[in-house]
Amino acid sequence: MRVRRSRFGARSGDRIFAYALLLPSLVILLALNTFPVFTTLYRSLQDVNTISFEATWIGLANFRELLSSELFWDSLVRTLIWTIPSVAIQLALGLFITAILNRGLKGQWMARGLVLFPYLVPAIVAALMWRAMFSSDIGIVNYLLADVLGVTDRQIAWFADRSKAMLAVIIVGVWKFTPFMVILFLARLQTTPLELYEAAQMDGAKPWHEFRYVTLPWLAPTIMVALLLRTLFLFNEFDMIYLLTFGGPRNATMTLPLMIRNTAIEFRQFGLAAAISVLMLGVLVAFTVFYVRYYSRAEARIRQ
């Protein structure tokens, strides 16, 4: 006699089977993500010999040294100066460009390709290109500012001037990473219910009101995701800053990722470099908690 399984039993069996298939991948991903974290945390409590790689347990000595280090606090401030304005400018430009590209204008497919182009350029190519553009001898930036706009009467050595090096790096970062915002926002707008715009138009809403009361609330969860990802990526950004300035001039662009590199490679203090990484992780966890909280609120407003 053939026994029929209930729907509940069939679904439970399928779910267990699906979890069983996912389990090996989950274990591997968990190991690959947690092992480096715990290894770094363990190394941060040690003094590692750079020749024999023998480690001596020193407890919280590395953290005490960092918290009393002026270079660490200056690097943390410079990391925030690099991260926060960059994220804010990228968000504003991303929203502006997305609003234009989503209007259904002629040739928008070509415009979208041009907008997304900087994000596809390799970091080394972008760095070399912008170093040439900011050059005090042949750079087009100085030519535009001095000869075309008349803003300045002298050639500016952007990457050699402590007061302007970080500004130049932020400009390059905005050019390179703003398309990431545009990609996320355009993808989100493709799922916007058309009836929302139809209702707004029936109420006599103007384009600005449609953007403010329909588009922006619909984008709010994606905005929080974009802000979180860009904050994490920029706070950890190494290659773009290193290729442009190497942390100079005189540590003017020395962010925490570059400090980790110098501490581990040049000064051969692996335990101290691991301690910097742990402190960075703490800062990023705080950022994540903040963004996730506001993401939940944005999602709740849409469901209401």
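Here the structure is a predicted model, which is why all the values come from computation and not from measurement. (Residues numbered from 1 in each chain as written. Predicted model: local features only at pLDDT ≥ 70, side-chain atom pairs only at ≥ 80, totals over all residues. Heavy atoms only, no water.)

Undergrad: Got a minute to help me understand the confidence of the model for the protein chain in this structure?
TA: In regions of low pLDDT, the predicted coordinates are not meant to be interpreted in detail. Looking at the protein chain, the pLDDT average stands at 86 and 94% of residues meet or exceed 70. The low-confidence segment residues 1-8 (pLDDT under 50) makes one contact with residues lying over four places distant or belonging to another chain. (pLDDT = per-residue confidence, 0-100. Contact = heavy atoms within 4.5 Å.)

Undergrad: Hey, could you run me through the packing of aromatic side chains in this one?
TA: To describe a pair of aromatic rings, you give the distance between the ring centres and the angle between the ring planes. This structure, assessed with the given rule, holds 13 aromatic pairs. Residues Y242 and F246 carry aromatic rings whose centres are separated by 5.1 Å and whose planes lie at 80 degrees to one another, so their mutual orientation is edge-to-face. Ring geometry for F290 and Y294: centres 4.8 Å apart, planes at 50 degrees, overall tilted. Residue F290 and its partner Y294 are located together in helix α12 (residues 270-303), separated by four residues, close to a single helical turn. Of the residues examined, F290 reaches a relative accessible area of 43% and is grouped as partly exposed. Through pairs of rings, three or more aromatic residues link up here, namely W130, F134, W158, F159 and W175. Looking at R188, its charged tip hangs above the ring of W218, at a distance of 4.3 Å from the centre. A cation sits over an aromatic face here: R230 above F180, 5.3 Å from the ring centre. (Phe/Tyr/Trp six-rings, centres within 6.5 Å; stacked < 30°, edge-to-face > 60°. Helix = DSSP H or I, 4+ residues; strand = E, 2+ residues; numbered from the N terminus. Buried < 20%, exposed > 50% of the residue type's maximum accessible area, 1.4 Å probe, protein only. Lys NZ or Arg CZ within 6 Å of the ring centre and 35° of its normal.)

Undergrad: For this particular structure, what's the right way to read the pattern of salt bridges?
TA: In a structure, side chains of opposite charge can pair up when their charged atoms sit close to one another. Summed over the entire model, instances satisfying the criterion amount to two salt bridges. Note that R261 is salt-bridged to E266, the shortest N-O span being 2.7 Å. For R261, a relative accessible area of 23% puts it in the partly exposed group. (Salt bridge = Lys/Arg side-chain N within 4 Å of Asp/Glu carboxyl O.)

Undergrad: Can you help me understand the nonpolar core in this one?
TA: General note: in soluble globular proteins, nonpolar side chains tend to be found buried as a group. Formed by 57 residues in total, the largest nonpolar core has its most connected members in F134, F185, L227, L244 and L256. Looking at this core, the element that brings in the most residues is helix α7 (residues 165-189), giving 10 residues. If we ignore the near neighbours within four places in the chain, the residues touching L244 are A127, W130, R131, F159, V169 and V172. (Core = buried A, V, L, I, M, F, W, Y, C linked by side-chain atoms within 4.5 Å.)

Undergrad: Help me understand the environment of L76 in this model?
TA: Along the polypeptide, L76 turns up in helix α3 (residues 70-101). In contact with L76, other than residues within four places in its own chain, are F235 and L256.

Undergrad: I would appreciate a short explanation of the packing of α7 against helix α9 (residues 207-235) in the present structure.
TA: As a packed pair, α7 and α9 sit with axes 10 Å apart at the nearest point and diverge in direction by 150 degrees. The orientation of α7 relative to α9 falls into the category roughly antiparallel. Once α7 is placed against α9, the crossing between them reads as right-handed. Listed contacts from α9 to F177, F180, M181, L184, F185, R188 and L189 of α7 are T215, W218, L219, P221, T222, I223, A226, L227, L229, R230, F233 and L234. In terms of residue class, the contact of α7 with α9 is built from 15 nonpolar, two polar and two charged. (Axes fitted to C-alpha atoms, helices over the stretch in contact; angles between N-to-C directions. Parallel < 35°, antiparallel > 145°, perpendicular 65-115°, else oblique. Left-handed = near helix turned anticlockwise from the far one by under 90°. Nonpolar A, V, L, I, M, F, W, Y, C, P; charged D, E, K, R; others polar.)

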